[in-house]
Amino acid sequence: MMLHTLLAAFLVSAHTPIGAPKQVSPKHREAVAFARVNPAKMLKTDPLWVDASREVHADQGRIDQQLRRLAQAELDRYVVRRGSRKGQKLSLTFDDGPHPDFTPKLVKILKDAKIPATFFMIGHMADTYPDMVKLVASNGFEIANHTYSHVTLTKLTNSEADIEYRATNDILKKLTGKTPRYCRPPGGDFDLNVLEAGYASGMSTVLWTDDPGDYNNPGDEILLETETVRLSPGGIVLLHDGSQDTLDTLMKFITSCRRRGFEFVTLDELRKK
Ligand SMILES: [Zn+2]
């Protein structure tokens, strides 16, 4: 019986065509589903969330005081909507990773093409796939904060939003040695409280100018078309670390942009006047 089972498993694997998707573990499946559906449910029992909650509550008085001193105009400085229109610069950003199937391929494409990029990582995904975070960091890409549970921050209390960012910074700092300087709220949903939460953790909130909707796997042509139609200097392009279509079209997109005179730069470089 045992032997039959083993033999059957062997025959199945021996007949798996080359290029077929490999089997993934239930933990992996769960993490991927989590990253893709935005369940708007905080991971409040997760040890990292609990730790960050303690830190935030201990710090609350100091943070509130700091924020009260800021005027709206000052807080506006902490939102990056686009870069300088001077020159022909674009910046690529990849949300929702890291991801063991996609991140290494994405890193390789960007590295080969000498393209800098920013990875807005979900804290929970970073905790599940720490090697992927290290891979991105060791290849010189900027790592940024996309909340711990990938929840809609405008629906949370101030301290919950603080905790979402803080827990993510804690894990990213532990893995890379660096505290992220940029954050992005899931879905781009933000209000003053959300900006303050980013600021309280020392980050600027980065939005985007172009969203080709790559996470829906729209297909090569649509993705390329959408990506290239509206691009303008200083643009911040929102893409995803977790989409096969993004991997398939990225090089074509890069080539097409370069042909039109665009160069790809880091967010820091894009913001320079
Ligand atoms: Zn996201």
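Residues numbered from 1 in each chain as written. Predicted model: local features only at pLDDT ≥ 70, side-chain atom pairs only at ≥ 80, totals over all residues.

### Observations concerning the overall build of the protein
Then, in step 1: A count of helices and strands for the protein gives twelve helices and eight strands.
Then, in step 2: Put simply, the protein has 273 residues, and 40% of those count as buried.
Then, in step 3: Taking all contacts inside the protein whose residues are at least 6 apart in sequence as the whole, residues at least 24 apart take part in 82%. (Helix = DSSP H or I, 4+ residues; strand = E, 2+ residues; numbered from the N terminus. Buried ≥ 20, exposed ≤ 12 C-beta atoms within 10 Å, placed from the backbone. Contact = placed C-beta atoms within 7 Å.)

### A short note on the nonpolar core
Then, in step 1: Counting 60 residues, the largest nonpolar core has Leu92, Phe119, Met121, Ala126, Val133 and Ile143 as its most contacted members.
Then, in step 2: If one sorts the elements of this core by residue count, helix 8 (residues 158–176) sits on top with seven residues.
Then, in step 3: Ignoring any residue separated from it by four or fewer positions in sequence, one finds Phe119 in contact with Phe94, Gly97, Val136, Phe141, Ile143, Ala144 and Asp241. (Core = buried A, V, L, I, M, F, W, Y, C linked by C-beta atoms within 7 Å.)

### Here we look at the confidence of the model for the protein
Then, in step 1: Looking at the protein as a whole, the pLDDT averages 84, with 80% of positions reaching at least 70.
Then, in step 2: Counted against residues more than four places away or in other chains, residues 1–21, with its pLDDT under 50, gives zero contacts. (pLDDT = per-residue confidence, 0-100.)

### Side note on the packing of helix 7 (residues 130–138) against helix 8
Then, in step 1: Following both chains from N to C, one finds helix 7 and helix 8 inclined at 65°, their axes separated by 9 Å at the closest point. When the axes of helix 7 and helix 8 are compared, the crossing they make is right-handed. Two secondary-structure elements touch here, helix 7 through Pro130, Val133, Lys134 and Ala137 and helix 8 through Leu172, Leu175 and Thr176. (Axes fitted to C-alpha atoms, helices over the stretch in contact; angles between N-to-C directions. Left-handed = near helix turned anticlockwise from the far one by under 90°.)

### A short note on helix 9 (residues 192–200)
An α-helical segment advances 3.6 residues per turn. Residues three or four places apart therefore align on the same side.
Then, in step 1: In terms of burial, helix 9 is a largely internal element, seven of the nine residues being buried.
Then, in step 2: Taken together, the buried positions of helix 9 are occupied by Val194, Leu195, Glu196, Ala197, Gly198, Tyr199 and Ala200.
Then, in step 3: Along its buried surface, helix 9 packs onto helix 3 (47–68), helix 4 (72–76), strand 1 (79–80), helix 8, strand 5 (182–183) and strand 6 (204–206).
Then, in step 4: Where helix 9 terminates, the next one or two residues include Gly202, which has phi positive at roughly 75°.

### Things to note about the pairing of strand 7 (residues 235–240)
Then, in step 1: The element strand 7 is extensively covered by neighbouring structure, given that six of its six residues are classed as buried.
Then, in step 2: Burial along strand 7 is two-sided: Gly235, Val237 and Leu239 facing one way and Ile236, Leu238 and His240 facing the other are all buried.
Then, in step 3: When strand 2 (residues 89–95) meets strand 7, the two strands line up parallel, connected through six bridges. Counted as the bridge partner of Leu92 is Val237 from strand 7. (Pairing = 2+ DSSP bridges.)

### Considerations on the environment of Leu92
Then, in step 1: Relative to the helices and strands, Leu92 resides in strand 2.
Then, in step 2: Leu92 sits in the buried class, given 24 other C-beta atoms within 10 Å.
Then, in step 3: Those residues in contact with Leu92 that lie beyond four places of it in its chain are Ile115, Ala117, Val237, Leu239 and Phe264.

### Section: the pairing of strand 2
Then, in step 1: In terms of residue burial, strand 2 counts as a mostly covered element, since seven of its seven residues are buried.
Then, in step 2: Side-chain alternation along strand 2 places Lys89, Ser91, Thr93 and Asp95 on one buried face and Leu90, Leu92 and Phe94 on a second face that is also buried.
Then, in step 3: Judged from the four bridges that link them, strand 2 and strand 3 (residues 117–121) form a sheet pairing that is parallel. Residue Thr93 lies in a different strand from strand 3, and its bridge partner there is Thr118.
Then, in step 4: Each parallel crossover has a hand, and the one from strand 2 via helix 5 (residues 103–112) to strand 3 is right-handed. (Right-handed = clockwise from strand over helix to strand, strands pointing away.)

### Focus on helix 3
Then, in step 1: Here helix 3 is 22 residues long and its end C-alpha atoms lie 30 Å apart, about the 32 Å a rise of 1.5 Å per residue gives.
Then, in step 2: Most pronounced at Gln60, the bend in helix 3 amounts to some 60°.
Then, in step 3: Where helix 3 is concerned, the buried positions are Leu48, Trp49, Ala52 and Val56. (Expected span 1.5 Å × (residues − 1). Bend = angle between axes of the 7 residues up to and from the residue.)

### Remarks on the environment of Leu239
Then, in step 1: Its location among the elements puts Leu239 in strand 7.
Then, in step 2: Residue class for Leu239 comes out buried when judged on the 27 C-beta atoms lying within 10 Å of it.
Then, in step 3: Filtering out sequence-adjacent residues up to four positions away, Leu239 remains in contact with Leu92, Thr93, Phe94, Asp214 and Thr246.

### Considering unusual backbone geometry
Then, in step 1: Between Gly97 and the following residue, Pro98, the backbone shows a cis peptide bond with an omega angle of 0°.
Then, in step 2: Positionally, Pro98 belongs in the loop between strand 2 and helix 5.
Then, in step 3: Phi at Thr147 is positive, roughly 75°, even though this residue is not glycine.
Then, in step 4: Topologically, Thr147 is positioned in the loop between strand 4 (142–145) and helix 8.
Then, in step 5: Assessed through the 28 C-beta atoms surrounding it within 10 Å, Thr147 is described here as buried.

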